[in-house]
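Examining the three-dimensional arrangement
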Amino acid sequence: MAPRVERDSMGAIEVADDALWGAQTQRALENFGRAAERMPAAIVRAYGMLKRAAAEANQALGLLPPDVAGWIARASEEVARGEHAADFPLSIWQTGSGTQTHMNVNEVVANRANELAGAPRGAKAPVHPNDHVNLGQSTNDTFPTAMHVAAALAVRDALDPALDALLATLDALAARHAGLVKLGRTHLQDATPLTLGQEIGGWAAQVRTARRAIAAALPLVHELAIGGTAVGTGLNAHERFGDEVARRLGERTGLPLRTAPDRFAALAGREATTALMGALATLAGALLKVANDVRWLSSGPRSGLGELRIPANEPGSSIMPGKVNPTQAEALAMACLHVLGSQTSVAIAGSQGNFELNVCAPLIAHHVLQAIDVLAATVAHFEAHCLRGLEPVPERIREHLERSLMLVTALAPHTGYDAAARIAKKAHEEGLTLREAALALGEVTGEEFDRWVRPERMTRPGREG
């Protein structure tokens, strides 16, 4: 098909006839090229919601005719549903405000709206990408708004369900194994006993703590820059425009969205998304602990700790037959490390505000949305294909518990720390049981040892008298 000619303030440029984008998007393709890291689809969909809300707000404020607002709203809704994904080809590696992607949205919405009105692509009438689709807006307030909406939706719709399932499974495992006493470990060395249920319950508590950090960050994400236009003053926007758009977006998404109390800060700073990314990194740290504990406790199965049995999902080796590896735990661990690395990028990018604008918005959007997506996916797989099938190996757990020298801790309140240490040292050096060593040193009687050293009673506060 022969290309069509589109025009912008810099002149004419050829655009593929089947493309919905226009001149500015075409220039961005030529100047920045295509890259593997395309602008996240979630940003484009959020922009679709935003453009519909903006058109409806401008109509309500008497700034757009109903027919023009209606065409824009219909075209924007198609973008929000992901119907024109191929028409958003731009990389995240563009200007730091996201102008190229914003104009990509404006042009696609305008061209599609004109089609709906019966006009050809590129006509810019009856719907103009700047005069109508972008009425009362700037990249500087719309891109942060789209980024916040996309992130809040991703947490609610993807990450929260994955964490709900994870915590439900952890709670069930903790309850099921509440009475199974096992050896505790600190510094990778033997420690006093606890139950497997207590250990798994600790994992769940760590995840819940991190989840509370995410919940604490979300109210800032719910504050939108819309209405600030270029530098935060709201120039060329109706004074009620931002609030009208935020209200409509809130109704559409079900999120408690509102305009930011200070739109100068909303444009110049990225504290909200930086805080959210920090909370995601906290979650990644907690999940990394869970993944690595599962790897350690299932190690072996014969020459490692071997206290847990993981599901055999697939062959673990191309050369060693019958090998089963903790693949889900390793996938989750790598995802967590990825998020921790991304958090560093976002923290630095969030500091790159110069005067009235932060100039790393596409990079921040990429990392935050990718982190949510990666965590949601790997947590869901880990829960479904590892945790649900996790089983203890009681005989191995009992063997490690009975051989532990740290059961001597129960004697310390009765014999004193130094005497208990002598018992443990003698048992270790001479290959004796703790009971044999204690009796040989004359520190306790057999009856006293049996009464005081009770592993199941060492899993709760107090001491045996």
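Right, let's walk through the structure included here. (Residues numbered from 1 in each chain as written. Predicted model: local features only at pLDDT ≥ 70, side-chain atom pairs only at ≥ 80, totals over all residues. Heavy atoms only, no water.)

On to the nonpolar core, then. Core analysis: the biggest nonpolar cluster contains 114 residues, and Leu276 and Leu280 have the highest contact counts within it. Tallying contributions element by element places helix α6 (residues 139-176) first for this core, with 18 residues. In this view, Leu276 contacts Ala151, Val155, Ile214, Ala217, Leu218, Val221 and Val368; residues no more than four positions away in its chain are not counted. (Core = buried A, V, L, I, M, F, W, Y, C linked by side-chain atoms within 4.5 Å. Buried < 20%, exposed > 50% of the residue type's maximum accessible area, 1.4 Å probe, protein only. Helix = DSSP H or I, 4+ residues; strand = E, 2+ residues; numbered from the N terminus. Contact = heavy atoms within 4.5 Å.)

A word on the packing of α6 against helix α7 (residues 196-221). Running from N to C, α6 and α7 point in directions that differ by 165°, and their axes come no closer than 10 Å. Put simply, α6 runs roughly antiparallel to α7. Crossing hand, α6 versus α7: left-handed. Of the residues in the contact of α6 with α7, the class split is 18 nonpolar, three polar and five charged. (Axes fitted to C-alpha atoms, helices over the stretch in contact; angles between N-to-C directions. Parallel < 35°, antiparallel > 145°, perpendicular 65-115°, else oblique. Left-handed = near helix turned anticlockwise from the far one by under 90°. Nonpolar A, V, L, I, M, F, W, Y, C, P; charged D, E, K, R; others polar.)

Take the pattern of salt bridges next. Per the stated rule, a full pass over the model turns up 31 salt bridges. Taking the shortest distance from any N to any O, the salt bridge between Glu307 and Arg185 comes out at 2.8 Å. Here the residue Glu307 occupies a position in the loop between α10 (271-297) and β7 (308-309), and Arg185 occupies one in strand β3 (residues 181-186), the gap between them amounting to 122 residues. Here Glu307 falls in the buried class, since its relative accessible area comes to 0%. (Salt bridge = Lys/Arg side-chain N within 4 Å of Asp/Glu carboxyl O.)

It is worth spelling out the layout of surface pockets at this point. A volume near 470 Å³ is recorded for the largest pocket. Surrounding the largest pocket, 19 residues form its lining, Ser298, Ser299, Gly300, Pro301 and Val324 being those nearest its centre. In terms of residue class, the lining of the largest pocket is built from eight nonpolar, six polar and five charged. Together, 18 residues line the second largest pocket, and Pro40, Ala42, Arg45, Leu369 and Asp373 are the ones closest to its centre. Where the lining of the second largest pocket is concerned, the elements lending two or more residues are α2 (41-60), α6 and α12 (361-385). Residues of the lining of the second largest pocket, tallied by class, amount to 11 nonpolar, two polar and five charged. (1 Å grid on protein atoms, 1.4 Å probe; cavity = no way out; pocket = protein on both sides within 12 Å on 5 of 7 lines; lining within 4 Å. Points joined across faces, edges and corners; volume = space filled by probe spheres on them.)

Over its 38 residues, α6 extends 53 Å from the first C-alpha to the last, a length consistent with the 56 Å expected when each residue adds 1.5 Å. A maximum bend of about 35° is found in α6 at Leu159, where proline Pro161 lies one to four positions downstream. For α6, the capping residue at the N-terminal end is Ser138, with a side-chain oxygen 3.0 Å from the backbone nitrogen of Asn140. (Expected span 1.5 Å × (residues − 1). Bend = angle between axes of the 7 residues up to and from the residue. Polar contact = N/O pair within 3.5 Å; in protein donor to acceptor, adjacent residues only side chain to side chain.)

Right, let's get into the pairing of strand β2 (residues 11-15). As paired strands, strand β1 (residues 4-8) and β2 are joined by five bridges and run antiparallel to one another. The residue of β2 that forms the bridge with Glu6 is Ile13. (Pairing = 2+ DSSP bridges.)

Okay, the packing of helix α3 (residues 66-80) against helix α4 (residues 99-116) next. At a closest axis distance of 8 Å, the pairing of α3 and α4 adopts a crossing angle of 120°. Taken together, the axes of α3 and α4 lie oblique to each other. For the element pair α3 and α4, the recorded crossing hand is right-handed. Between α3, through Trp71, Ile72, Arg74, Ala75, Ser76, Glu78 and Val79, and α4, the contact on the second element is made entirely by Val108, Val109, Arg112, Ala113 and Leu116. Residue composition of the contact of α3 with α4, grouped by class: eight nonpolar, one polar and three charged.

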